[in-house]
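Structural overview for review
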Amino acid sequence: QYYFELGQQLLAQGKGLAAVRELSAVSSKSEHFEDARKLSNKIWQGIQMKRIIKAKPKKTNVAEFLRKGEAHFQKKEFLTPASGNAYGFYRMVLEYDPKNTIALSRIQAIKDFYIRRADGFMSDGKYEKAVIFFQRYLLIDPASKHVIKRLAGAKAGGEKAAAWDGPGEGRG
């Protein structure tokens, strides 16, 4: 409950990223786990959307967004820094061109990266590290029920081994 309340306080103070950090620390066994997960995803998505809204009044330049997205992608800056990252730029592309195959495939590649890393950590019994990568995946696809289930299993330190279906399961 402490981390949940602290996250809410930080959010009220306008400290979105700090709030996400605290909300991510809420135990999967807590009654506040699901609310904390949803709130942290909402905050993070809001930060990303602010970047998109700021960009809209400017001249629409999908090619420039793709170039910047690719530069961050190559550096593996998929979700950070919040001020500019691959996912954020690919989302900007999709705001102007929702069927852009490059942006869609790169976002899928980012999701695949996070699942592969989480799978590896789960296989090695490194549940705390797996949690980080499941959480990052859920920032992109917060409705993925399989990944939510696997996150809970990782947060429980493997106690819910059935929550993890093995490498590559539950994508999307």
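Residues numbered from 1 in each chain as written. Predicted model: local features only at pLDDT ≥ 70, side-chain atom pairs only at ≥ 80, totals over all residues. Heavy atoms only, no water.

1. Re the overall build of the chain
So the rule is basically this: Only DSSP runs of H or I covering at least 4 residues are called helices, and only runs of E covering at least 2 are called strands; the numbering of each starts at the N terminus. Buried, partly exposed and exposed residues are distinguished by accessible area as a fraction of the type maximum, computed with a 1.4 Å probe on protein chains only: under 20%, between the cut-offs, and over 50%, respectively. Throughout, a contact is declared for two residues whenever any of their heavy atoms are within 4.5 Å. All accessible-area figures derive from a Shrake-Rupley calculation using a 1.4 Å probe, and residue coverage is judged against the displayed protein chains alone.
Counting its regular elements, the chain contains eight helices and zero strands. Here the chain, with 172 residues, has 45% of them falling under the buried criterion. Counting only contacts in the chain whose residues sit at least 6 apart along the sequence, the fraction spanning at least 24 positions is 54%. Of the roughly 9300 Å² of accessible surface on the chain, a fraction of 53% belongs to carbon and sulfur atoms.

2. Description of the side chain of His32
With respect to the helices, strands and loops of the structure, His32 is situated in the loop between α2 (16-23) and α3 (33-55). Under the relative-accessibility criterion, His32 is labelled buried at 15%. Leave out the neighbours within four places in its chain, and His32 touches Gln1, Phe4 and Val26.

3. Details of the packing of aromatic side chains
Any pair of aromatic rings gets described here by the distance separating the centres and the angle formed by the planes. This is how it is decided: Classification of ring pairs rests on two measures: the distance between centres of Phe, Tyr or Trp rings, Trp counted by its six-membered ring, which must be within 6.5 Å, and the angle between planes, read as stacked under 30 degrees, edge-to-face over 60 and tilted in between. Charges are assigned to positions over rings by a cutoff of 6 Å between ring centre and Lys NZ or Arg CZ, combined with an angular limit of 35 degrees from the ring normal.
According to the stated counting rule, one finds nine aromatic pairs in the structure shown. Between the aromatic rings of Phe113 and Tyr114, the centroid separation amounts to 5.4 Å while the plane-to-plane angle is 70°, which identifies the pairing as edge-to-face. The pair formed by Phe113 and Tyr114 is uniform in burial state, with each residue classed as buried. Pairing Phe113 with Phe133 gives two aromatic rings, centres 6.4 Å apart and planes at 70°, and the pair type is edge-to-face. Highlighted residues: Phe113 in helix α6 (residues 101-123) and Phe133 in helix α7 (residues 127-140), separated in sequence by 20 residues. Through successive ring pairs, a cluster of aromatic residues spans Phe73, Phe78, Phe113, Tyr114, Phe121 and Phe133. Over the ring of Phe73 we find Arg106; its NZ or CZ atom is 3.8 Å from the centre of that ring. Above the plane of the ring of Phe133 lies Arg136, whose end atom (NZ or CZ) is 5.2 Å from the centre.

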